[in-house]
Amino acid sequence: MASDGAALHSDTTNAHVSSAAEADNDDLVFLRRAVLSLPPQVLKDLLSNGVCARCILKQFGLHEHICSRPSVTTPLLSAILREVEEHGDAGAANGGVGESKVADPVKQGGYQIDSFCLQVSLPSVVLDNEQAVWSYIKEKYSFETWLTEKFPSSCITVEDFLKLSITNPLEKLLDVKCNENSFRVQLTYTLSDALSEKEPISESNDCYKRRKIDATDLLKNSTDLQKVESHDLTSNSSNGCKDDRVGLSKFPLEKVNSNGSCSLVFQCYKTSVYVGGRYLKYSRNVSQSRWIIDDERIGEASVEEIVGSNILPVCQGDKYKFHAAGREDIDVRMLGTGRPFLVEILNARQFPSDLLIKEIETKINSLESKLVRVKNIRFLGSQGWELMREGEAEKQKQYVALVWISRPFENEDEHKLSSFTDLKVLQKTPVRVLHRRSPLEREKIIHWMKIEKIAGSSQYFLLHLCTQAGTYIKEFVHGDLGRTYPNVGSILGCRAEILQLDVTDVKMDCFQA
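Since this is a predicted model, take the numbers as computed values, not measurements.

Remarks on the overall build of the protein
Reasoning step 1: Of the regular secondary structure elements, the protein holds 16 helices and 19 strands.
Reasoning step 2: For the protein, the residues scored as buried account for 46% of the 513 residues in total.
Reasoning step 3: Long-range pairs, those at least 24 residues apart, make up 77% of the contacts in the protein between residues at least 6 apart in sequence.

Listed below in structure tokens is the structure:
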């Protein structure tokens with residue numbers, strides 16, 4: 001049985017090898033036919049000027065013959081073109097990226113992906129050369145019949161061609177499809193500063209050549225951003241190929257210094273994803289975001305740190321940013337239904353399940369300090385901002401303020417305040433924030449006010465009010481030296497001060513139970 005198994009394995013292997021060989025042979029035949037269809041005079045012209053085999057086929061719209069056939073390598077292309085052109089020299093080969101060198105860091109990075117988006121950026125000199133070849137062919141061979149029959153009116157760009165060449169192998173290696181996804185694979189080729197400056201075209205007889213970039217050195221680590229060793233780039237110049245017409249005696253390609261270098265920066269990253277919910281803040285010594293002045297922390301903690309530091313490790317991101325629908329002062333509590341928030345995770349490698357999200361919520365709410373509590377947390381993917389923006393401009397907020405006035409509070413005072421509906425108030429930027437806010441005048445609306453008396457106190461009361469988002473409540477009570485008008489003091493005809501303030505509701509639809 002062992003010998004039978006070995007024989008079966010051998011037959012299967014031979015069959016696979018034979019099948020692969022047949023496929024390679026079919027590709028070779030197909031490619032030869034495509035090359036034979038090219039105009040021989042322009043083929044000879046471009047090859048003698050050092051244009052690479054891939055670029056020649058691309059210029060004639062035959063890029064699919066390369067991208068769809070993995071057995072078609074650059075040396076093979078060069079050999080076939082040289083054979084057809086009847087030159088012994090196989091020419092210079094164009095270097096590749098090495099798809100496995102891109103795929104390995106993606107896998108090692110631990111990214112949870114279901115597709116990817118490939119992006120390529122090339123130096124401007126490459127794009128200039130591409131246009132130069134295009135214009136050269138159209139001008140020099142403008143009277144040839146094949147120009148309209150075989151030369152396409154538009155040509156795929158070098159960037160798109162490179163993407164097509166890499167995409168199919170990369171899809172197989174990563175086992176996911178390429179589309180407009182939040183996971184990006186970015187390949188950026190750059191030249192040194194010296195090479196970025198245009199130089200005069202040389203008079204030497206050297207042909208324009210591409211030197212192969214060593215793919216084994218392209219990506220060294222599995223970190224998200226990796227700088228690659230310098231490699232020799234293209235060295236090109238005029239070879240003095242003469243044309244009878246004026247202006248076409250030299251091949252119009254930009255010279256790139258042969259002593260220069262090209263670098264490839266490889267970056268794989270996820271676009272931001274969001275975790276959203278509502279938070280409640282029970283302390284008057286906790287800021288919304290981390291607050292440091294002169295290297296000294298203000299407050300005992302921040303909502304940003306308590307919430308974000310518990311979400312980031314689960315998503316395995318690089319860092320996080322905290323966003324909220326408005327903010328309360330450090331000495332103001334956030335009660336009631338809570339304030340909507342988003343935690344933006346940069347370059348998240350994992351997407352938390354509903355179960356993990358629930359565990360995060362439980363962990364935050366079980367902290368011994370009891371400073372902050374969260375509710376209705378959800379993983380939102382990349383759609384977080386859309387949810388937060390809905391209704392943000394029209395949102396209303398409700399507050400309760402402990403107010404003191406300079407005389408006893410009377411029943412008529414209660415009637416005055418409670419009778420207002422949609423009271424328009426003009427507010428100049430408060431004095432307390434002028435150092436960091438522009439000096440503007442804003443019109444805000446107080447939708448309603450209600451009074452809650454405090455037993456045994458004649459000068460203290462609780463003011464419940466609902467206002468337009470962005471209203472400065474403290475200034476509406478005391479007037480801010482007349483910068484907010486009307487205000488509680490001006491309405492009651494006495495001095496008014498606010499002692500404590502709580503937010504009791506932020507009326508937005510997002511992250512409700």
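Remarks on the packing of helix α2 (residues 40–48) against helix α7 (residues 124–140)
Reasoning step 1: Between α2 and α7, the shortest axis-to-axis distance is 12 Å and the interhelical angle comes to 140°. Taken together, the axes of α2 and α7 lie oblique to each other. Handedness of the α2/α7 crossing: right-handed. Listed contacts from α7 to Val-42, Asp-45 and Leu-46 of α2 are Val-133, Tyr-136, Ile-137 and Lys-140.

Digging into the environment of Gln-350
Reasoning step 1: With respect to the helices, strands and loops of the structure, Gln-350 is situated in the loop between β12 (333–346) and α12 (354–365).
Reasoning step 2: When its relative accessible area of 24% is taken as the criterion, Gln-350 is described as partly exposed.
Reasoning step 3: C-alpha of Gln-350 to C-alpha of Gln-316: the two residues are 34 residues apart in sequence and 6.0 Å apart in space.
Reasoning step 4: The contact partners of Gln-350, leaving out residues within four places of it in the chain, are Gly-110, Tyr-111, Gln-112, Val-314, Cys-315 and Gln-316.
Reasoning step 5: For Gln-350, the side chain forms a polar contact with the main-chain oxygen of Gly-110, separated by 2.8 Å.

Some thoughts on a nonpolar patch on the surface
Reasoning step 1: Together, Val-431, Leu-434 and Leu-481 make up a nonpolar patch on the protein surface, roughly 310 Å² of accessible area in all.
Reasoning step 2: Residue placement: Leu-481 occurs in the loop between α15 (473–478) and β18 (484–485).

Digging into the nonpolar core
Reasoning step 1: Within the largest apolar cluster, 59 residues are counted, with the highest numbers of intra-cluster contacts made by Val-307 and Leu-463.
Reasoning step 2: Among the elements that make up this core, the one with the highest residue count is helix α11 (residues 303–315) (six residues).
Reasoning step 3: Setting aside residues no more than four positions away along its own chain, Leu-463 makes contact with Tyr-399, Val-400, Ala-401, Val-403, Met-449, Lys-450, Ile-451, Val-477 and Val-488.
Reasoning step 4: Grouped together as the second largest cluster of nonpolar side chains are 24 residues, Ala-103, Leu-122, Ile-166 and Cys-268 included.

A closer look at the packing of α11 against α12
Reasoning step 1: Relative orientation of the contacting elements α11 and α12 amounts to 150°, with a least axis distance of 10 Å. Judged by the inter-axis angle, α11 sits roughly antiparallel to α12. Classified by chirality, the crossing of α12 by α11 is right-handed. Listed contacts from α12 to Ile-306, Val-307, Asn-310, Ile-311 and Val-314 of α11 are Leu-356, Ile-360, Lys-363 and Ile-364.

Remarks on the pattern of salt bridges
Reasoning step 1: Per the counting criterion, the structure on display carries 17 salt bridges.
Reasoning step 2: Notably, a salt bridge pairs Lys-453 with Glu-414, separated by 3.7 Å at the nearest N-O pair. A residue pair is termed long-range when its members are at least 10 positions apart, and Lys-453 in strand β16 (residues 441–453) and Glu-414 in helix α14 (residues 411–419) qualify at 39 residues.
Reasoning step 3: According to the relative accessible area criterion, Lys-453 is partly exposed, its value standing at 47%.
Reasoning step 4: A salt bridge links Arg-432 to Glu-475; the shortest N-O distance between them is 2.6 Å. Highlighted residues: Arg-432 in the loop between β15 (421–428) and β16 and Glu-475 in helix α15, separated in sequence by 43 residues.
Reasoning step 5: Looking at Arg-432, the relative accessible area reads 35%, which means it is partly exposed.
Reasoning step 6: On the basis of relative accessibility, which here comes to 2%, the residue Glu-475 falls in the buried class.
Reasoning step 7: One network of salt bridges, in which partners are shared, links Asp-329, Asp-331, Arg-432, Lys-474 and Glu-475.

Overview of the pairing of β12
Reasoning step 1: Of all the 14 residues making up β12, 11 are buried; the element is thus mostly covered by neighbouring parts of the structure.
Reasoning step 2: Note: strand β6 (residues 273–281) against β12, eight bridges, orientation antiparallel. Looking at β12, one finds that Gly-277 is bridged to Phe-341.
Reasoning step 3: Sheet topology note: the strand β11 (residues 319–324)/β12 ladder contains six bridges and is antiparallel. From the neighbouring strand, Phe-322 faces β12, where its bridge partner is Val-343.
Reasoning step 4: One ladder, built from two bridges, connects β12 with strand β19 (residues 496–507); its direction is parallel. Across the sheet, Met-334 pairs through a bridge with Val-503, a residue of β19.

Here we look at α7
Reasoning step 1: For α7, spanning 17 residues, the distance from its first C-alpha to its last is 24 Å, which sits close to the expected 24 Å at 1.5 Å a residue.
Reasoning step 2: Considered for burial, the residues of α7 that qualify are Val-125, Val-126, Asn-129, Glu-130, Ala-132, Val-133, Trp-134, Tyr-136, Ile-137 and Lys-140.

Some remarks on the state of the cysteines
Reasoning step 1: Counted according to the given criterion, the structure contains zero disulfides.
Reasoning step 2: Take Cys-178: it sits in no disulfide, and the sulfur closest to it among the cysteines is that of Cys-117, at 5.9 Å.
Reasoning step 3: Cys-178 gets classed as partly exposed once you look at its relative accessible area, which sits at 28%.

Focus: unusual backbone geometry
Reasoning step 1: The omega torsion of the bond from Tyr-485 to Pro-486 falls at -5°, within 30 degrees of zero and hence cis.
Reasoning step 2: The topology assignment puts Pro-486 in the loop between β18 and α16 (488–492).
Reasoning step 3: The phi angle at Leu-481 is positive, at roughly 60°, despite the residue not being glycine.

Examining helix α9 (residues 158–174)
Reasoning step 1: Under the 1.5 Å per step criterion, the end-to-end length of α9 is 24 Å for 17 residues, consistent within 8% with the ideal 24 Å.
Reasoning step 2: The largest bend in α9 is about 30°, located at Thr-167, with the proline Pro-169 one to four residues further on.
Reasoning step 3: Among the residues of α9, those classed as buried are Val-158, Phe-161, Leu-162, Ser-165, Ile-166, Thr-167, Leu-170, Glu-171 and Leu-174.
Reasoning step 4: Just downstream of α9, Asp-175 is the residue with a positive phi angle, here 60°.

Considering the side chain of Glu-328
Reasoning step 1: Mapping Glu-328 onto the fold places it in the loop between β11 and β12.
Reasoning step 2: Side-chain polar atoms of Glu-328 contact the side chain of Arg-339, separated by 2.8 Å.
Reasoning step 3: Those residues in contact with Glu-328, other than ones at most four positions away along the chain, are Tyr-279, Lys-281, Gln-288, Met-334, Arg-339 and Val-503.

Focus on the confidence of the model for the protein
Reasoning step 1: Averaged over all residues, the pLDDT of the protein is 77; the fraction at 70 or higher stands at 70%.
Reasoning step 2: Low pLDDT, under 50, characterises residues 87–95; the stretch is placed with 19 contacts to residues that sit more than four places away or in other chains.
Reasoning step 3: Every residue in residues 194–249 scores below 50 in pLDDT, and together they form 154 contacts with partners more than four places removed in sequence or on other chains.

What counts, and where the lines are drawn
- Residues numbered from 1 in each chain as written.
- Predicted model: local features only at pLDDT ≥ 70, side-chain atom pairs only at ≥ 80, totals over all residues.
- Heavy atoms only, no water.
- Helix = DSSP H or I, 4+ residues; strand = E, 2+ residues; numbered from the N terminus.
- Buried < 20%, exposed > 50% of the residue type's maximum accessible area, 1.4 Å probe, protein only.
- Contact = heavy atoms within 4.5 Å.
- Axes fitted to C-alpha atoms, helices over the stretch in contact; angles between N-to-C directions.
- Parallel < 35°, antiparallel > 145°, perpendicular 65-115°, else oblique.
- Left-handed = near helix turned anticlockwise from the far one by under 90°.
- Polar contact = N/O pair within 3.5 Å; in protein donor to acceptor, adjacent residues only side chain to side chain.
- Patch = residues over 30% accessible without salt bridge, like charges linked within 9 Å, V, L, I, M, F, W, Y side chains within 5 Å.
- Areas by Shrake-Rupley, 256 points an atom, 1.4 Å probe, with all protein chains shown as cover.
- Salt bridge = Lys/Arg side-chain N within 4 Å of Asp/Glu carboxyl O.
- Core = buried A, V, L, I, M, F, W, Y, C linked by side-chain atoms within 4.5 Å.
- Pairing = 2+ DSSP bridges.
- Expected span 1.5 Å × (residues − 1).
- Disulfide = S-S within 2.5 Å.
- Bend = angle between axes of the 7 residues up to and from the residue.
- pLDDT = per-residue confidence, 0-100.

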